[in-house]
Amino acid sequence: MSDELLHIEGLNVAFETASGSFEAVKKLNLTLKRGEILAIVGESGSGKSVSMKALGRLLGPNSRVTAAEVRYSATDQTVDLLKCSEQELRALRSSSLAYVFQEPMSALHPLITCGEQVAEAIQAHRDLSKKEVRKEVEQLFAEMKLPEPTSVYDAYPHELSGGQRQRIMIALALCNDPDLLIADEPTTALDTVLQRTVIELLTESCRKRSTGLILISHDIDLVKDHSDSCLVMYRGDMMEYGPTRDVVSTPKNPYTKALIKCRPNYRNRDFVLPTVDRLLIQEGETLKELDYEQKTLPPRELSEQSVCTIKDLELSYPGKRNHKALKGLNFDIQQGETLGIVGESGSGKSTLAKVVIRLLHADKGAIEFQFGWEGLKRKEYASKVQMIFQDPFSSLNPNLTVGETITEVLKVHNICAKGKRKEYVAELLEEVGLNASDAEKYPHEFSGGQRQRISIARALAVEPAMIICDESVAALDVSVQAQVLNLLKKIQRDRDLSYLFITHDLHVVSYISDRILVLKEGEIVELSKTETIMEAPESEYSKTLFAGVIEE
Amino acid sequence: MGKLLRKVAYNVFILFSVATVVFFLFSFSFPSPEDILATDRTDQKTIDAIRTELKLDQPLHIQYFSFLHDLSPVSWYSEERTQETNALVLLGGSQKNLVLKFPYLRRSFQSGQPTSTLLFRAFKTTMFLALIAMVLASIAGIFFGIIMALKRGTLIDQFLLGLSTLGISVPSFFSAILLSWLFGYVLSDLTGLDVVGSLYDVDPETGKYIRWRNAILPAIALGVRPLSIISQLTRNSMLDSMKQEYITTARSKGLSEFRIVVFHALRSALNPVITSISGWFASLLAGAFFVEYIFSWKGIGSLSIQALETSDLPVIMGSVLFIATVFIVVNALVDYIYTLLDPRVKGL
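Residues numbered from 1 in each chain as written. Chains lettered and ligands numbered in written order. Predicted model: local features only at pLDDT ≥ 70, side-chain atom pairs only at ≥ 80, totals over all residues. Heavy atoms only, no water.

A. Quick peek at the overall build of chain B. Along chain B, the regular secondary structure elements total 15 helices and 5 strands. Contacts in chain B between residues far apart in sequence, at least 24 positions, make up 67% of those at least 6 positions apart. Carbon together with sulfur atoms contributes 66% to the accessible area of chain B, which is approximately 19,100 Å² in total. (Helix = DSSP H or I, 4+ residues; strand = E, 2+ residues; numbered from the N terminus. Contact = heavy atoms within 4.5 Å. Areas by Shrake-Rupley, 256 points an atom, 1.4 Å probe, with all protein chains shown as cover.)

Now the structure itself:
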C-alpha cells in the first residue's frame, strides 16, 4: 500500500450556463498523503468546493469535469475517480470517500431521523443486522459527544441544535471508516465557540482513524492550526500550495498576502483595512502585488453622552415562561460609539436587537433615549433607529429597483421634497460607494457586498442616530467584508452615528468596536472597553472566548 | 388536547355558518315551499299541515331556530318525537327530553323520504366513483410526475407535459361526453361498455348487484384532471427536492439511484401533492355534477341537480350542508396525515 491517497493533475471544471461556458476551476494539482490534513482556502467563487465536489462526481449535469489524472488509492484498489464506472464510484462513496457539507440543516433530510440517515449509509455498504447497525450508530454518536445517543438516534434534524446536527453529519461521514473525508466549510454555519470544538472533533477523529481530510474554508485563521498543508485558490486558479506553516507565516503569492492582510483584527483596528483589489492587480495571467500604504484612521473623540440607556430589560418568549431570553440587562450606548455584542447562538443577542428596534416588546425594563425618543410612535422611532440585516439577498425586495427601495423609505417618513428625492437617493448611493445610476437597477444585478451597501444606504436615508448591525458582514467574503467594514467606520465618523454591532465573529468585533458586551444565556458577562476585554478580560468566560483572537 | 378542541370548535362554527347562510339564502330566493308542494288536488288541510311542520306560519327567526334545532345533534324532543326518531335520551324531563340524535334534514318534498336517507344512498355511489378515480389519478399521477422530473427536458418530459396540460384544460363534461361516445358507443363492441349506466343493476334472479364496469368510464372522466394536475405538481415538487442539498448527501452516501429518488426525493416532494389529492378527493366526493349527469350515475351530483330542477328545498339544503361536512372531514384527515408525514408539523 503506497503512502499516497489522492493525486490530482490538471483538474478543470466548467459549467455550461445560458450565457456560455464558465470555467470554475482551472488546472488544479494536488497530492494528498494518507492521513494528511489539507486545507483549501478561498473566497466564494474561488472554485474550492466545486473542485472537491467534482471529485465525487456530485456536480449537476451542466458541469464538465476533465483532468489528466485523478488517482485515488482506496485501501484495496487504485482508481481514477473521473474515469471509473458509476457502480465502482457508488461503492467507494461513503465507504472510502465521504463528505461533510456546510449547512447541516439542509444537508440532512428533514423527514428522516438522524439515526436512520447514518444507518442507511452503513447498510448501503455493509451487511449488518438492524440491531448491529443501531449499536454502531449509537457508539459513533457517543464518540461525537452527542448527548444521549439513543434519543438522538430517533430525533429529527430540526429537533437538534446546529452544533449537534453538524456532529451527526460528521458521524455520517465517518460511519464506514473512509480513507478520505472532504469537509466543505463544516463550521461556517456555527457560532465561534462551537466552530472551534467542531473543527477539533473533526480533525481529531480523522487523525485517530488516519483518515485523510480535506478541509475547505474561507477562513484562513480557522484552518491554520488544524492542517498540515494549505492550498489557496482564487477565481478558479491555484494560488499557493505548501505546508500550512509556510503559507500562513511567509506567504509568497500576492493573493495569499492580501487575504491575510485584509482580515480585520484587533491589531489593525486603527487602520483602514486594505482590500484585495487595492493590494493586487491582474496583469494577463499573473497577479501583481501593488504597493499599499497603510492608512491610519483619524482618532475619534467619543462623547460621554449616551444615546440610549437600557434598564433591567427582561424578556421571555411565549410558551417558554420559565426560560428567559433576556435576564435583566443594564447598559448604555454612547453617542458615536460602536458597541459590539458577542455571544454564542442562543445567548440572546438577536433578541436584544429585536427589542431595541421594537420588533419585540420587553416584559420588564425600559429603553430610554436621549430627547425622550422612547415615547415616539413606531414610525418616528424607526427614523431614529435603523437596522442592517445579515443576508443582503433576502433583505432587499427583488421586485423593486434600488431607487424605489430607498424612495419608499423617504415616502413613508416624508423626508425630502418630492422633486428632490432622486437627487437625495443619488447622494446616498454615492456615499456608500455606489454610482448614482445604480438607482435604476434591480438587486439581482449586484454582488453581495454591493447589496449590503444598498442596505446601508437605505438605513441612512432617514438619518438615524443609531444603527443596529445584526451580523451585517457575516455573509460576506473576507475582501468584501473589509470594504463594508471600512464603509461603516467612515460613515460613523461622518455622521456621528452609534452602532449596536451584533456578531459572532470575534475578529470583526475586536476591529470595529469601542466597547464589547459579552452575553451568555441572556445575561451580561462582561461589558468593557475593547482594549480591556482583549488584553485583560475580567471574566473567565470572555477569557476563553477571546483566547486565540489576539495572537496574530 | 386543547388544540384538538379548538379545531373541533372551529369546524363546528364553519358548519353553523354554512347552515345559516343556506337557510337565509333559500328562505328568500326560492318559491315558497307551499307553492311547490301544493298541487291542484291538495286540499287546505294538507297545506296547513305542511305549514305547521315547516313552521311557515311563524316569523322567520322562529323558522331559523327550528331549522337549527333540527340540525343540532342535541335537541329538546317530546316523548313522542323521541320514540319516533329513536333518539338517545340524555336527560329525561317531565314534558321534553334532552336527546342526542342524528341531525334531522327533514323530508324530501318530492318523494317524502328523509333527506338523509337519500343523501347517504347517493353518497355511497359517489364515494365509490371518487375513490376509484382518485386512486387511479394519484398512482398514475405520481408515477408520471417522477418520470417527467427524472427525464426533465427530454422528449418524454415534453410529451407528458403537453398531455397533462391538455388534461388540465379539457373540461370534465367534455371529456365525459367524448369518453362515453367513443368507448361506450363507437367502440362499444370492443370494450363492452355502455354509454350510461349506474353502479347497481338489477338481475331478475339474484336481485341487486354491483356493475363494476359501469364505473370505468366515469372514473376515467373524473380522474383526468386530477391526474394531470397531480403529475405536474409531482414533477415540479420533485425537481425542487432533487435540487436540495440532502440529495447530494444521499448520493455521497453511495445509495442507489432508486433509493435516492423514492426514499429521499419523493418523500419530501409529497406534501403539496397530498394537499392537491385531498382537495380533489373532497370535491369529487361533493359530487361531480357533470360527469354523474352525463353517465346518469345516481350520486350526490345527480341528486342535487334533480333537487334543483324540482325545487326540492330540503334536499338542496341537505346537499349543501353535507358537502360542507365532507370538505371539513377530509381537510381534518389531511391535517392529521401531515403530522404523520412530516415530523416538523406539530401534532394535536
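We are not done yet, so read on.
B. Fine view of the pattern of salt bridges. In total, this model carries 34 salt bridges over all chains according to the counting rule given. B:Lys253 is paired through a salt bridge with A:Glu120; the nearest N and O atoms lie 2.9 Å apart. Placement of the pair is B:Lys253 in the loop between helix H11 (245-252) and helix H12 (257-285) and A:Glu120 in helix H4 (residues 114-125), with the two residues belonging to separate chains. For A:Glu120, a relative accessible area of 6% puts it in the buried group. One connected set of salt bridges, linked through shared partners, spans A:Glu143, A:Asp177, A:Lys208 and A:Arg209. (Salt bridge = Lys/Arg side-chain N within 4 Å of Asp/Glu carboxyl O. Buried < 20%, exposed > 50% of the residue type's maximum accessible area, 1.4 Å probe, protein only.)

C. Inspection of the sheet that holds strand S9 (residues 212-217) of chain A at higher detail. All names here are of chain A. Read across the sheet, 6 strands follow the order S7-S8-S9-S3-S10-S11 without closing on themselves; strand pairing throughout is mixed. What marks the edges here is a single partner per strand, and that holds for strand S7 (97-100) and strand S11 (237-243). Within this sheet the neighbouring strands show an average axis-to-axis angle of 15°, counted without direction. Sitting on the sheet, helix H1 (residues 48-55) is in contact with strand S3 (37-41), S7, strand S8 (180-184), S9 and strand S10 (229-234), with an inclination near 145° to S9. (Pairing = 2+ DSSP bridges. Axes fitted to C-alpha atoms, helices over the stretch in contact; angles between N-to-C directions.)

D. Region of interest: the domain arrangement of chain B. Residue and element names in this part refer to chain B. When the domains of chain B are assigned, the result is domain 1 (2-71) and domain 2 (115-341). Each partner contributes to the interface: domain 1 provides 15 residues, whereas domain 2 provides 12 residues. At the junction of domain 1 with domain 2, the criterion picks out 1 salt bridge. Asp-335 serves as the salt-bridge partner of Lys-7, at 3.6 Å between the closest nitrogen and oxygen. Our count for the contact surface shared by domain 1 and domain 2 stands at 0 residue pairs in polar contact (both at pLDDT 80 or more). Mapped by element, the contributors of at least two residues to the side of domain 1 that touches domain 2 are helix H1 (2-29), helix H2 (33-37) and helix H4 (60-71). The biggest single contributor to the side of domain 1 that touches domain 2 is H1, with 9 residues. (Domains from an automatic or database assignment. Polar contact = N/O pair within 3.5 Å; in protein donor to acceptor, adjacent residues only side chain to side chain.)

E. View of the sheet that holds strand S15 (residues 324-334) of chain A. Residue and element names in this part refer to chain A. Strand order across the open sheet formed by 3 strands is S15-S14-S17, with antiparallel pairing between neighbours. In the strand order of this sheet, the two ends are held by S15 and strand S17 (364-369), each with one partner. Averaged over all neighbouring strand pairs, the angle between strand axes comes to 10°, with direction disregarded.

F. Spatial organisation of the side chain of A:Ser73. Considering the arrangement of structural elements, one finds A:Ser73 in strand S5 (residues 69-73). Classification of A:Ser73 as buried rests on a relative accessible area of 7%.

G. Here's a closer look at the pairing of strand S20 (residues 498-502) of chain A. Residue and element names in this part refer to chain A. When you tally the buried positions in S20, you get 5 out of 5 residues, the bulk of the element. Inspection of the sheet shows strand S16 (residues 338-342) paired to S20 by 4 bridges, in the parallel sense. If you follow Gly-340 over to S20, its bridge partner there is Phe-501. As defined by bridge partners, strand S19 (residues 466-470) adjoins S20 across 5 bridges and the pair is classed as parallel.

H. Structural view of the packing of aromatic side chains. Counting across every chain of the model gives 13 aromatic pairs over all chains. Relative to B:Phe322, the ring of B:Phe123 has its centre 5.0 Å away and its plane inclined at 75°; by these criteria the two rings are edge-to-face. With B:Phe123 in helix H6 (residues 115-150) and B:Phe322 in helix H15 (residues 313-341), this pair connects stretches of sequence that are 199 residues apart. No difference in accessibility class separates B:Phe123 from B:Phe322, as the two residues are buried. Here the aromatic residues B:Phe23, B:Phe24, B:Tyr64, B:Phe65 and B:Phe67 are joined through ring pairs into a cluster of three or more. Sitting above the plane of the A:Tyr381 ring, A:Arg358 keeps its charged end 3.8 Å from the centroid. A cation over an aromatic ring shows up here: A:Lys489 above the ring of A:Tyr511, its NZ or CZ 4.2 Å from the ring centre. (Phe/Tyr/Trp six-rings, centres within 6.5 Å; stacked < 30°, edge-to-face > 60°. Lys NZ or Arg CZ within 6 Å of the ring centre and 35° of its normal.)

I. Quick look at the nonpolar core. Within the largest apolar cluster, 132 residues are counted, with the highest numbers of intra-cluster contacts made by A:Leu6, A:Met52, A:Tyr72, A:Leu81 and A:Ile214. In contact with A:Tyr72, other than residues within four places in its own chain, are A:Leu5, A:Leu6, A:Gln77, A:Thr78, A:Val79, A:Leu81, A:Leu92, A:Ser96, A:Leu97, A:Asp179 and A:Leu180. Among the nonpolar cores identified, the runner-up in size contains 70 residues, and B:Ile274, B:Ala282, B:Leu284 and B:Leu321 belong to it. (Core = buried A, V, L, I, M, F, W, Y, C linked by side-chain atoms within 4.5 Å.)

J. Just the interface of chain A and chain B, in detail. Opposite the 25 residues of chain A that make contact, chain B presents 20 residues. Around 2,100 Å² of area is buried between chain A and chain B when both sides are counted, 61% of it from carbon and sulfur atoms. It is A:His109, A:Leu111 and A:Glu120 in chain A that bury the most area against chain B; as a group they hold 30% of the surface buried on that side. Between chain A and chain B we count 2 salt bridges in total. For the interface between chain A and chain B, the tally reads 11 residue pairs in polar contact (both at pLDDT 80 or more). Secondary structure elements with two or more residues in the side of chain A that touches chain B: S7, helix H3 (104-107), H4 and helix H7 (162-174) of chain A. Top contributing element to the side of chain A that touches chain B by residue count: H4(A), with 5 residues. Residues that form the side of chain A that touches chain B fall into these classes: 14 nonpolar, 7 polar and 4 charged. (Buried area = accessible area lost by both parts, 1.4 Å probe. Nonpolar A, V, L, I, M, F, W, Y, C, P; charged D, E, K, R; others polar.)

K. Just H11(B), in detail. With 6 of 8 residues buried, H11(B) lies mostly within the body of the structure. Taken together, the buried positions of H11(B) are B:Tyr246, B:Ile247, B:Thr248, B:Thr249, B:Ala250 and B:Ser252. The secondary structure elements touched by the buried residues of H11(B) are S7, H3 and H7 of chain A together with helix H10 (216-242) and H12 of chain B. Looking one or two places after H11(B), you find B:Gly254, whose phi comes out positive at around 80°.

L. Highlighting the environment of A:Val41. Residues and elements named next belong to chain A. Along the polypeptide, Val-41 turns up in strand S3. Its relative accessible area of 0% is what places Val-41 among the buried residues. In this structure the C-alpha to C-alpha distance between Val-41 and Gln-123, which are 82 residues apart in sequence, comes to 34 Å. With residues near it in sequence (within four places) discarded, Val-41 still touches Lys-48, Ser-217, His-218, Ile-220, Val-223, Cys-230, Leu-231, Val-232, Met-233 and Leu-259.

M. The arrangement of the pairing of strand S2 (residues 88-91) of chain B in detail. Residue and element names in this part refer to chain B. Where S2 lies against strand S3 (residues 96-100), 3 bridges are found, and the strand directions are antiparallel. Note that in S3 the partner of Leu-88 across the bridge is Leu-100. Linking S2 to S3, which pair antiparallel, is a turn of 4 residues.

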